[in-house]
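Here is how the chains run, residue by residue.
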Amino acid sequence: DTGVSQNPRHKITKRGQNVTFRCDPISEHNRLYWYRQTLGQGPEFLTYFQNEAQLEKSRLLSDRFSAERPKGSFSTLEIQRTEQGDSAMYLCASSTWTGGNTGELFFGEGSRLTVL
Amino acid sequence: GEDVEQSLFLSVREGDSSVINCTYTDSSSTYLYWYKQEPGAGLQLLTYIFSNMDMKQDQRLTVLLNKKDKHLSLRIADTQTGDSAIYFCAENAVYTDKLIFGTGTRLQVFP
């Protein structure tokens, strides 16, 4: 078990460009979460999937953000027309949800986005 | 609404106990968690407590839960320099199955 893997680890882009992050969860986990963390803050929920279904999206997730999990395995988070305010660490987490479990999330190391 | 608050910074001497505090607002939370984040690393679950418990002890860690006051604390006994990190408390939002995190407490341990 290699844990949750995120790529790229760091992305520097110019304002207005599109970026895509990939997350590979722990293989048997059916839930996958995206969070955003800015300096000095805790992780803020963006969206989550159960298998391939996107069950909830935060109001933080503007129309420029889109997330997919096409086969219920890896997920991508795309940000279109990036803005400087999008600069943050994007965290992916996965879990096994079977109802009544502890809800523990296993986090990747994050993808840091810097928008110039 | 959902809100989790923590003090921002705590400094302790090596060998002393550390107590990190957290207040939360969602009284329907089933579990409350403590996560640790070291520089350049992802968040790692330290411990959790079920909402019908008052206390949970796990080696050097003691979690206290006061449901009436919606107050959670994490005590680290015999704090070591390796405990220096940011500590986040989190609650699960029962009706939406997501974790809500606090702002984090940076623990600095000095010799």
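Look up: the structure comes first, before these words.
Residues numbered from 1 in each chain as written. Chains lettered and ligands numbered in written order. Predicted model: local features only at pLDDT ≥ 70, side-chain atom pairs only at ≥ 80, totals over all residues. Heavy atoms only, no water.

## A closer look at the overall build of chain B
Thought 1: Along chain B, the regular secondary structure elements total zero helices and eleven strands.
Thought 2: Order of helices (α) and strands (β) in chain B, N terminus to C terminus: β-β-β-β-β-β-β-β-β-β-β.
Thought 3: Scaling as 2.2 N^0.38, a compact globule of 111 residues should have a C-alpha radius of gyration of about 13 Å, and chain B matches this with 13 Å.
Thought 4: Counting only C-alpha atoms and orienting by the principal axes, one finds that chain B spans roughly 45 × 30 × 20 Å.
Thought 5: When each of the 111 residues of chain B is scored for burial, the buried share is 46%.
Thought 6: With an accessible surface of roughly 5,400 Å², chain B has 48% of that area assigned to carbon and sulfur atoms.
Thought 7: Charged side chains of chain B number 10 positive and 14 negative; the gap between the two group centres comes to 2 Å. (Helix = DSSP H or I, 4+ residues; strand = E, 2+ residues; numbered from the N terminus. Rg over C-alpha atoms; globule rule 2.2 N^0.38 Å. Buried < 20%, exposed > 50% of the residue type's maximum accessible area, 1.4 Å probe, protein only. Areas by Shrake-Rupley, 256 points an atom, 1.4 Å probe, with all protein chains shown as cover. Lys, Arg positive; Asp, Glu negative; His and termini not counted. Charge placed at Lys NZ, Arg CZ, Asp CG, Glu CD.)

## Observations concerning the pairing of strand 9 (residues 88-95) of chain A
All names here are of chain A.
Thought 1: The buried fraction of strand 9 is high, at eight of eight residues.
Thought 2: Sheet analysis places strand 4 (residues 31-37) next to strand 9, joined by seven bridges and oriented antiparallel. Each residue of the ladder has a partner; that of Trp34, found in strand 9, is Cys92.
Thought 3: Bridge analysis of strand 9 against strand 11 (residues 111-115) gives three bridges, and the strand direction is antiparallel. Residue pairing in the sheet places Tyr90 in a bridge with Ser111 of strand 11. (Pairing = 2+ DSSP bridges.)

## Some thoughts on the interface of chain B and chain A
It is common to give the size of an interface as the accessible area that goes away when the parts come together.
Thought 1: Taken together, the contact pairs 17 residues of chain B with 23 residues of chain A.
Thought 2: Both faces considered, chain B and chain A share a buried interface measuring about 1,600 Å² in area, 51% of it formed by carbon and sulfur atoms.
Thought 3: At the surface where chain B touches chain A, the tally comes to one salt bridge.
Thought 4: Note that B:Lys98 and A:Glu56 form a salt bridge whose closest N and O atoms lie 2.9 Å from each other.
Thought 5: Across the chain B-chain A interface, the total number found is four residue pairs in polar contact (both at pLDDT 80 or more).
Thought 6: Secondary-structure elements contributing two or more residues to the side of chain B that touches chain A are strand 4 (31-37), strand 5 (43-50) and strand 10 (98-101) of chain B.
Thought 7: When residues in the side of chain B that touches chain A are grouped by element, the largest group, four residues, is from strand 4 of chain B.
Thought 8: Residue classes in the side of chain B that touches chain A are distributed as nine nonpolar, six polar and two charged. (Contact = heavy atoms within 4.5 Å. Buried area = accessible area lost by both parts, 1.4 Å probe. Salt bridge = Lys/Arg side-chain N within 4 Å of Asp/Glu carboxyl O. Polar contact = N/O pair within 3.5 Å; in protein donor to acceptor, adjacent residues only side chain to side chain. Nonpolar A, V, L, I, M, F, W, Y, C, P; charged D, E, K, R; others polar.)

## Digging into the sheet that holds strand 7 (residues 61-66) of chain B
Residue and element names in this part refer to chain B.
Thought 1: Pairing is antiparallel in the open sheet, where five strands are placed in the order 1-3-8-7-6. Here the strands that pair on one side only, and so sit at the sheet edges, are strand 1 (4-6) and strand 6 (55-58). Taking each pair of neighbouring strands and ignoring which way they run, the sheet shows an average axis angle of 15 degrees.
Thought 2: As paired strands, strand 6 and strand 7 are joined by four bridges and run antiparallel to one another. The partner of Lys56 across the bridge, within strand 7, is Val63. (Axes fitted to C-alpha atoms, helices over the stretch in contact; angles between N-to-C directions.)

## So, the state of the cysteines
All names here are of chain A.
Thought 1: Scanning all chains against the criterion turns up two disulfides over all chains.
Thought 2: Between the sulfur of Cys23 and that of Cys92 lies a disulfide, 1.9 Å long from S to S. On the sign convention where negative is left-handed, the bridge of Cys23 and Cys92, at about -70 degrees about the S-S bond, is left-handed. Pair noted here: Cys23 is in strand 3 (residues 19-24) and Cys92 is in strand 9, with a separation of 69 residues, a long-range link. For the pair Cys23 and Cys92, one class covers both residues: buried. (Disulfide = S-S within 2.5 Å.)

## A look at the pairing of strand 4 of chain B
All names here are of chain B.
Thought 1: The buried fraction of strand 4 amounts to seven of the seven residues, a majority that puts the element mostly inside the structure.
Thought 2: In strand 4, alternate side chains face the same way, and those of Tyr31, Tyr33, Tyr35 and Gln37 on one face and Leu32, Trp34 and Lys36 on the other are all buried.
Thought 3: Both strand 4 and strand 5 contribute to a ladder of seven bridges, which runs antiparallel. In the strand pairing of strand 5, Tyr35 is matched with Leu45.
Thought 4: Connecting strand 4 to the antiparallel partner strand 5 that follows it, the hairpin turn spans five residues, and Gly40 within it adopts a positive phi of roughly 75 degrees.
Thought 5: Note: strand 4 against strand 9 (residues 85-93), six bridges, orientation antiparallel.

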